[in-house]
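# Fold and contact review
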Amino acid sequence: MSFHEKSAWIMGVLLSLTGFWYISQVWSRSEALGETIGPNIVLIAVATGMLVFGAIISHIIIAASSPEEANDAEDERDKQVLRRAGNISGYVLGFGIFAGLWHYYFLADGNMLFHIAVASLIASQVAEYALTILFYRRGV
Amino acid sequence: MAKRPPILNRVKALREAHDGMSQAALAKEIGVTRQTVIAIEQGRYSPSLESAFRIARVFQVGLEDVFQWDDTAEA
């Protein structure tokens, strides 16, 4: 397994966990309040902090376990895999934003628009990591 | 779902016939990662034309001695 594929696995798992935690926090606080909570910078900062901390630690570990591969630059296959995964994940983001805008158009809930945009960002990034792994394994 | 490219290759056979050249050594010669050489040998990735020529030059054979179109894959 290449360093890029290991990195995609780690980032996919970390982002899924932190994303799930963030969305569950927004959900439970909104239920308690009886309406959609506004953008919460503390929640976002904590989720981002957890993600960055986990990413740094895990990348140090995989780089230490195979230092030669960690130093490999992206080759033509890596670029093709990452470009294709990024292209398709862009549709996930676009769909989420589009759905959020229509939701806002009908219900005028700006807070929900914010959360849908954040959730779409998380979903598209997780999709990108999942597709990266798929293309590395099944071919581009 | 990613489709397997309709191109066969003899990279593994040529590499082994070339004093048992390692995948890592071939990867270094042509400027890709070892995982890419593995993917080429397993038919999961078709290299760029430049890399294909580089592989052929390493083994000092023609391009079609390394890569062949898989007619059966078109059916």
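Look up: the structure comes first, before these words.
Now for a quick tour of the structure. Predicted model only: the values in this text are computed from it and were never measured.

### Considering unusual backbone geometry
Leaving glycine aside, a negative phi is the common case for residues, and trans is the common case for peptide bonds. For Ala108 of chain A, which is not glycine, the phi torsion reads 50 degrees and is therefore positive. Looking at where Ala108 of chain A falls in the secondary structure, it is placed in the loop between helix H4 (76–107) and helix H5 (110–138). The phi torsion at Gln60 of chain B lies on the positive side, around 55 degrees, for a residue other than glycine. Relative to the helices and strands, Gln60 of chain B is located in the loop between helix H4 (49–59) and helix H5 (63–66). Since its relative accessible area comes to 71%, Gln60 of chain B is described here as exposed.

### What to know about a nonpolar patch on the surface
Together, Val52, Phe53, Ile56, Ile57, Ile60 and Ile61 of chain A make up a nonpolar patch on the protein surface, roughly 590 Å² of accessible area in all. Structurally, Phe53 of chain A is set in helix H2 (residues 41–65).

### With respect to the side chain of Gln23 of chain B
Residues and elements named next belong to chain B. If you trace the backbone, Gln23 turns up in helix H2 (residues 23–30). One polar contact links Gln23 to Glu41, side chain to side chain, over a distance of 3.1 Å. Contacts of Gln23, omitting those with residues within four sequence positions, involve Arg15, Arg34, Val37, Ile38 and Glu41.

### Concerning the interface of chain B and chain A
It is common to give the size of an interface as the accessible area that goes away when the parts come together. Tallying the contact residues gives 15 residues for chain B and 17 residues for chain A. Joining chain B to chain A, the criterion identifies 0 salt bridges. Ranked by residues supplied to the side of chain B that touches chain A, first place goes to helix H3 (residues 34–41) of chain B with 4 residues. Looking at the side of chain B that touches chain A residue by residue, the classes come out as 6 nonpolar, 6 polar and 3 charged.

### Describing the pattern of salt bridges
A complete count under the given rule lists 3 salt bridges over all chains for this structure. Between Glu5 of chain A and Arg137 of chain A there is a salt bridge, and its shortest N-O distance comes to 2.7 Å. Residue Glu5 of chain A is located in helix H1 (residues 3–33), and its partner Arg137 of chain A is located in helix H5; the two are separated by 132 residues in the primary sequence. For Arg137 of chain A, a relative accessible area of 46% translates into the label partly exposed. The partner of Glu41 of chain B in a salt bridge is Arg15 of chain B, with the nearest N and O atoms 2.6 Å apart. Taken together, the residues Glu41 of chain B in helix H3 and Arg15 of chain B in helix H1 (residues 11–17) connect sequence positions 26 residues apart. Side by side, Glu41 of chain B and Arg15 of chain B carry an identical accessibility label, which is buried.

### Overview of the packing of H1 of chain A against H5 of chain A
Residue and element names in this part refer to chain A. At a minimum axis distance of 9 Å, the contact between H1 and H5 shows a crossing angle of 155 degrees. Relative to H5, the element H1 is oriented roughly antiparallel. In this structure, the crossing between H1 and H5 has a hand that is left-handed. For the pair H1 and H5, contact is made by His4, Glu5, Ala8, Trp9, Met11, Gly12, Leu15, Ser16, Gly19, Tyr22, Ile23 and Val26 and by Phe114, His115, Val118, Ala119, Ile122, Gln125, Val126, Tyr129, Thr132, Ile133, Tyr136 and Arg137, respectively. When its residues are assigned to classes, the contact of H1 with H5 shows 15 nonpolar, 7 polar and 2 charged.

Basis of the calculations
Residues numbered from 1 in each chain as written. Chains lettered and ligands numbered in written order. Predicted model: local features only at pLDDT ≥ 70, side-chain atom pairs only at ≥ 80, totals over all residues. Heavy atoms only, no water. Helix = DSSP H or I, 4+ residues; strand = E, 2+ residues; numbered from the N terminus. Buried < 20%, exposed > 50% of the residue type's maximum accessible area, 1.4 Å probe, protein only. Patch = residues over 30% accessible without salt bridge, like charges linked within 9 Å, V, L, I, M, F, W, Y side chains within 5 Å. Areas by Shrake-Rupley, 256 points an atom, 1.4 Å probe, with all protein chains shown as cover. Salt bridge = Lys/Arg side-chain N within 4 Å of Asp/Glu carboxyl O. Polar contact = N/O pair within 3.5 Å; in protein donor to acceptor, adjacent residues only side chain to side chain. Contact = heavy atoms within 4.5 Å. Nonpolar A, V, L, I, M, F, W, Y, C, P; charged D, E, K, R; others polar. Axes fitted to C-alpha atoms, helices over the stretch in contact; angles between N-to-C directions. Parallel < 35°, antiparallel > 145°, perpendicular 65-115°, else oblique. Left-handed = near helix turned anticlockwise from the far one by under 90°.

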